[in-house]
Amino acid sequence: QDAEEDRAERAAQKRHDAKVADMKIRCGPDYKTPSIGMRIERVQECVAPVKLVSQLNRADGIVSTYSSGSLIIHAMSGRVMAWDR
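Residues numbered from 1 in each chain as written. Predicted model: local features only at pLDDT ≥ 70, side-chain atom pairs only at ≥ 80, totals over all residues. Heavy atoms only, no water.

A. Looking closely at the overall build of the chain. Along its length, the chain carries two helices and four strands. For the chain, the sequential pattern of α-helices and β-strands runs α-α-β-β-β-β. Taking the principal axes of its C-alpha atoms as reference, the chain extends roughly 65 × 25 × 15 Å. Out of the 85 residues belonging to the chain, those deemed buried represent 24%. Distance from the positive charge centre (14 side chains) to the negative charge centre (12 side chains) of the chain: 6 Å. (Helix = DSSP H or I, 4+ residues; strand = E, 2+ residues; numbered from the N terminus. Buried < 20%, exposed > 50% of the residue type's maximum accessible area, 1.4 Å probe, protein only. Lys, Arg positive; Asp, Glu negative; His and termini not counted. Charge placed at Lys NZ, Arg CZ, Asp CG, Glu CD.)

Right under this line is the structure:
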């Protein structure tokens with residue numbers, strides 16, 4: 001039974017590693033690294049699954065604040081304006 005559990009664990013780790021390798025190829029330098037001007041969709045795909053936590057109306061548009069763990073992202077018009085960890 002222990003051997004089966006080890007095999008299942010190794011198989012799960014192999015699937016996880018393949019998924020991470022695919023993301024690194026697809027995202028390139030954006031993998032886990034937000035940048036100014038990046039679209040929120042790209043952040044969701046390559047950096048972290050973020051959720052909208054607040055919005056602020058300003059004269060020049062609406063600032064949306066997203067978070068994922070310690071990552072905070074401020075965006076306008078769907079693009080990252082500022083971020084912090």
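The discussion continues.
B. Main features of the sheet that holds strand E4 (residues 79-84). Read from one edge to the other, the open sheet built from four strands follows the order E1-E2-E3-E4, with strand pairing classed as antiparallel. A single partner strand is all that each edge strand has here, and the edge strands are strand E1 (51-58) and E4. Direction aside, neighbouring strands of the sheet carry axes that sit 25° apart on average. Here E1 runs beside strand E2 (residues 61-68); their pairing, made up of seven bridges, is antiparallel. (Pairing = 2+ DSSP bridges. Axes fitted to C-alpha atoms, helices over the stretch in contact; angles between N-to-C directions.)

C. Broad picture of the nonpolar core. Core analysis: the biggest nonpolar cluster contains 11 residues, these being Met38, Ile40, Val43, Val47, Ala48, Val50, Tyr66, Leu71, Ile73, Ala75 and Val80. Secondary structure elements with two or more residues in this core: helix H2 (40-47) and strand E3 (71-76). Leave out the neighbours within four places in its chain, and Val47 touches Asp30, Lys32, Thr33, Pro34, Met38, Arg42 and Leu71. (Core = buried A, V, L, I, M, F, W, Y, C linked by side-chain atoms within 4.5 Å. Contact = heavy atoms within 4.5 Å.)

D. Structural detail: the state of the cysteines. Per the counting criterion, the structure on display carries one disulfide. Disulfide pairing is shown between Cys27 and Cys46; the S-S distance is 2.1 Å. Of note, the bridge from Cys27 to Cys46 carries an S-S torsion of about -85° and is left-handed in sense. In this pair, Cys27 is assigned in helix H1 (residues 2-27) and Cys46 in helix H2, connecting sequence segments 19 residues apart. When its relative accessible area of 2% is taken as the criterion, Cys27 is described as buried. (Disulfide = S-S within 2.5 Å.)

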